[in-house]
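# Notes for the structure review
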Amino acid sequence: MNPPVATPFFFYLLATTMIVGGILVITRKNAVHSALALITTLLAQAALYLMLYAPFVAGVQIILYAGGIMVLFLFVIMLISIERAAKERQFNKQWLVGIAAAAALGGLFIAIYTTTTKGKTLFPEGQVSYGESQNTQAIAALLFDRVHGTYMFAFEIASLLLLVAIIGAVVMAKKRI
Amino acid sequence: MEAMLHITTLHYLVLGAALFLLGVIGVLTRRNVVIVLMSIELILNAVNLNLVAFSRYWQGMPGHLGGPGALHGQVFAIFVITDAAAEAAVGLGILIAFFRNKETVNVDEVNLLKW
Amino acid sequence: MHELIDYIQSYLKSNLTPGAAGNIFWATVYILLVFVGLSIAVIAMNWLERKILAHMQVRLGPMRVGPHGLLQPIADAIKLLLKEDIIPAEADKFVFWIAPFIVVLAAFTVFVVVPFGPTHAITDMNIGILFMLGVSSLSVLGIVTAGWASNSHYPLIGALRSSAQMVSYEVAMGLAVVSVIMMTSLQTGTGTLSMIGIVQAQQTSGEWFIFKFFPLGLIGFFIFAIAMVAETNRAPFDLPEAESELTAGFHTEYSGFRWSLFFLAEYSAMIAVSSIAVTLWLGGWLRPFPNLLHGSTWDLVFSLVPGLTFLFFAAICFFNVVRMPKHPLFKIQTMGLAGFGAVLGLIGLVMFVPGVRDRVGDIFWFAAKVAGFMYLYIWYRGTFPRYRFDQLMKMGWKVLLPMGLALLILTAVVAMRADLWDQLRGVGHP
């Protein structure tokens, strides 16, 4: 396997894309613009997964998030009219409190960081292993294998969750069942 | 500068925290339900980024928790994505039912117990 | 300088794809080659579709620009580039501007993992087929945003139809693909998602997956072949751009260069899904009859086919040169056609050279199979009437999806006892 190419450059490029995309998601008036910004963020995140040697999660991210969930979002945005919504107030009355709460959370993150790192490096780099060429097979072993399948039961529960979600969505969205 | 150019797990965690905060601000301040749901997706993605970054970290660690087979973070990320799909389906279903009854998509107008 | 030449030459000795060898120079070369080849294929498809469709309807098709209308695509391209590029006043300008690029990017990016041969792919990803399905599903985003940004009724309805249709048929498509991925695990115990790995699994298994567990492989192929027509918005599932109902669907408001981008994306998406089908069921770059007609003699015979095909096309050209009207006005056209035939013949002769013959064989077989699918697309368009939208949805969710699920379960059951299955059919393991 080859060593990664230009990692800092790609990391900062993708990170900037993600942050800018995230800011656009929460500030745009038009929901379609927000959705497009979110799609950009999700795709940049898929690229970051590739940089973290997790190609299978990246593939799932593209096919499920960008290709599935976001299309559903766009579909619903187009179904409900938004001409009126664009002219209305965008933020609710508690926006000041909300931003204060988020700032407090951010302060908490920084506080934890500064108290835990006193002079030592967090998460020292171990020896590098490029496990990407067998990534899908290894994940499948964790999910389905009879011997190593730690998550087999959780996987079945996840499928049940999806079934419930499908039925719930149909019940909710249909006028008359 | 040296610390900036060598990408470690911490960089990914900082990025995840920033995305998480953006998502929280979106959920707490926006009125449009669709954008609130999208902000929830941002939060879930921030969590996913952390999980996958930690999975990468453990792959380089010795011991029975680490090693090249330590993909638990990635498996968790897949479960979170599954959950996000279910949440989006149900959330948008509720949104459509709500819009059909009230002709609005604003969260602060959902304060009636009955209509 | 010397190091650079070494760097370039070192790849030729290795038996890897440029992506696996980590060679940036050859990766760039391959990307450019794929891009140029794809553009030529789209231009050729444009001409062929109009000609074949015309002959199916007992017309002549384009005949004016160049001999037998051969230069018609170039004339069309010039016309499209010179046309005024209109952005509707009420449109969402940025989204309107970016939508065609999303579609084109999605359609071209999938070719990163398409295996034209064991080493003739830009790269081989561990998640190959997942990547292809995922990125090709991104094109629906471009279509939806195009329809929405036009701020007009027909495009919006076209976009809604298109998103509903593509999301529905993706499910059936995915189920058919998963059944193939199960088949790849038969020989080695672990399956693979890599495109090259899937073809190699067919090579070791000795038969194409379309014939595997007959008729299960065939049913999977059938589901995919229907879903892929719906996925590319082509007739008889071209509801998003149904002329009689929606003018031109999601690209009604587009003109000039931007419209041509949609056109380019549609045809390259067709080639992309066809190459998925070829890789998964029809053995990718493998030549026909791998286990029936084997041995060095048959290898030699099949390696001559690429050259013979080009010579055949050259012969058709020369035949038509003779049939051209003898009027002086047709002099240039006759000479042009003869020149075109000469070029084709020359390519055919080069393909007989042993060194070239071994290298282009796999690319040729892959391209020939994809070309077969392209012909099928045209044939469908000439034959089938358009579906109604509720029929389309019914077919996706109530026919193809249950069939796909049943196929998945059956394949899993049969694959667990593959040895028993082969005994039942009287086929022993080699």
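The shown structure was predicted, so the numbers you read here are calculated from the model rather than taken from an experiment.

### What about the confidence of the model for chain C?
Residue and element names in this part refer to chain C. Chain-level statistics for chain C give a pLDDT mean of 83 and a share of 97% at 70 or above. Considering each helix and strand of chain C separately, the mean pLDDT is smallest for helix α18 (residues 418-424), with a value of 70, and largest for helix α11 (residues 216-231), with 89. Two summary scores accompany this predicted model of the complex, namely pTM at 0.87 and ipTM at 0.87.

### Observations concerning a nonpolar patch on the surface
A cluster of nonpolar side chains, L160, L163, V164, I166, I167, V170 and V171 of chain A, forms an exposed patch at the surface whose accessible area comes to about 640 Å². The residue V171 of chain A is located in helix α7 (residues 152-173) in this model.

### Considerations on the pattern of salt bridges
Residues and elements named next belong to chain C. Taken as a whole and assessed by the stated rule, the structure comprises seven salt bridges over all chains. Across the salt bridge formed by D76 and R50, the nearest N and O atoms sit 2.5 Å from each other. Taken as a pair, D76 in helix α4 (residues 72-82) and R50 in helix α3 (residues 24-56) lie far apart in primary sequence, 26 residues in all. Judged by its relative accessible area of 18%, D76 is buried. The salt bridge involving D238 is made with R386; its shortest N-O contact spans 2.8 Å. Placement of D238 in the loop between α11 and α12 (243-246) and of R386 in the loop between α16 (354-383) and α17 (389-416) is noted, with a sequence separation of 148 residues between them. For R386, a relative accessible area of 28% corresponds to the partly exposed category.

### Side note on the nonpolar core
One finds F73 of chain A together with I129, F224, M228 and W281 of chain C to be the most contacted residues of the largest nonpolar core, which totals 174 residues. For this core, the element with the most residues is helix α3 (residues 55-79) of chain A, which contributes 15 residues. Those residues in contact with F224 of chain C that sit more than four places away from it in its chain are M173, A176, V177, V273, I276, A277 and W281 of chain C.

### Observations concerning the side chain of N48 of chain B
Tracing the sequence through the fold places N48 of chain B in helix α3 (residues 33-59). By relative accessible area, which is 0% here, N48 of chain B ends up buried. Dropping the residues within four chain positions of it, N48 of chain B is found in contact with Q45 and Y49 of chain A together with A77, V80 and I81 of chain B.

### Concerning the domain arrangement of chain C
All names here are of chain C. Under the domain assignment used here, chain C contains domain 1 (2-304 + 352-420) and domain 2 (307-350). A straight line from the C-alpha centre of domain 1 to that of domain 2 covers 30 Å. Taken residue by residue, the interface counts 10 residues in domain 1 and 12 residues in domain 2. Together domain 1 and domain 2 conceal approximately 900 Å² of surface at their shared face, both sides included; 67% is due to carbon and sulfur atoms. On inspection of domain 1 and its partner domain 2, the count reaches zero salt bridges. The tally of links between domain 1 and domain 2 comes to six residue pairs in polar contact (both at pLDDT 80 or more). When the residues that make up the side of domain 1 that touches domain 2 are grouped by side-chain class, the tally is seven nonpolar, two polar and one charged.

### Quick word on helix α5 (residues 95-116) of chain A
Taking 1.5 Å of rise per residue, the 22 residues of α5 of chain A would be expected to cover 32 Å, and the 32 Å separating its terminal C-alpha atoms lies within 8% of that figure. Of the residues making up α5 of chain A, those classed as buried are G98, A102 and G106 of chain A. The buried side chains of α5 of chain A occupy one side of the element, clustering within an arc of 70 degrees when seen end-on. Facing away from the buried side of α5 of chain A by over 90 degrees, the exposed positions are L96, V97, A103 and T115 of chain A. Of the surrounding secondary structure, the elements contacted by the buried residues of α5 of chain A are α2 (9-29) of chain B.

### Topic: the interface of chain A and chain B
On the chain B side, the residues contacting the 82 residues of chain A number 74 residues. Carbon and sulfur atoms make up 74% of the area that chain A and chain B hide from each other, which totals about 7000 Å². On the chain A side of the contact with chain B, L52, F73 and F123 of chain A bury the most area, a combined 10% of that side's loss. Between the two partners, chain A and chain B, sit zero salt bridges. Where chain A meets chain B, there are six residue pairs in polar contact (both at pLDDT 80 or more). For the side of chain A that touches chain B, the secondary-structure elements that each account for two or more residues are α1 (7-27), α2 (31-51), α3, α5, α6 (135-144) and α7 of chain A.

### Some points on the interface of chain A and chain C
On the side of chain C, 29 residues touch chain A, which itself brings 27 residues to the contact. Summed over both sides, the interface of chain A with chain C buries roughly 2200 Å², with 76% coming from carbon and sulfur. When the buried area of chain A at its contact with chain C is split by residue, I63, V71 and M78 of chain A rank highest and sum to 25% of it. On inspection of chain A and its partner chain C, the count reaches two residue pairs in polar contact (both at pLDDT 80 or more). Of all elements in the fold, only α2, α3 and α6 of chain A reach the threshold of two or more residues within the side of chain A that touches chain C. When residues in the side of chain A that touches chain C are grouped by element, the largest group, 13 residues, is from α3 of chain A.

The rules we used
The residue numbering used here restarts from 1 in each chain and proceeds along that chain's sequence as written. Chain letters and ligand numbers both follow the written order, the letters beginning at A and the numbers at 1. Predicted model: local features are reported for residues with pLDDT of at least 70 only, side-chain atom pairs are reported and counted for 80 or more only, and whole-chain, interface and lining totals are derived from all residues. Side-chain measures here rest on the full set of heavy atoms in the structure, leaving out hydrogens and waters. Known as pLDDT, the predictor's per-residue confidence is scaled from 0 to 100. By the criteria applied, helices consist of DSSP H or I runs no shorter than four residues and strands consist of E runs no shorter than two, each listed in order from the N terminus. Patch definition: residues above 30% relative accessible area lacking any salt bridge, with like charges linked at up to 9 Å and the nonpolar side chains Val, Leu, Ile, Met, Phe, Trp and Tyr linked at up to 5 Å. For the area figures, the Shrake-Rupley method with a 1.4 Å probe applies, and any residue is considered shielded solely by the protein chains shown. A pair is scored as a salt bridge if a Lys or Arg side-chain nitrogen falls within 4 Å of a carboxyl oxygen belonging to Asp or Glu. Only protein chains enter the area calculation, which uses a 1.4 Å probe; residues under 20% of their type maximum are buried, those over 50% are exposed, and those in between are partly exposed. Nonpolar cores are built from buried Ala, Val, Leu, Ile, Met, Phe, Trp, Tyr and Cys residues. Side-chain atoms within 4.5 Å join them into one set. Residues are treated as being in contact if the distance between any of their heavy atoms lies within 4.5 Å. Here the limits of each domain have been adopted from an automatic or database domain assignment. Summed over both partners, buried area is the accessible surface (1.4 Å probe) that two parts give up on being assembled. Any pair of N or O atoms that falls within 3.5 Å is considered a polar contact. Within protein, one atom must be able to donate a hydrogen and the other to accept it, and sequence-neighbouring residues count only if both atoms are side-chain atoms. Throughout, the ten residues Ala, Val, Leu, Ile, Met, Phe, Trp, Tyr, Cys and Pro are labelled nonpolar, Asp, Glu, Lys and Arg are labelled charged, and all others, Gly among them, are labelled polar. The span one expects for a helix is its residue count, reduced by one, times 1.5 Å. Taking the helix axis as origin, the arc is that swept by the directions to the C-beta atoms.

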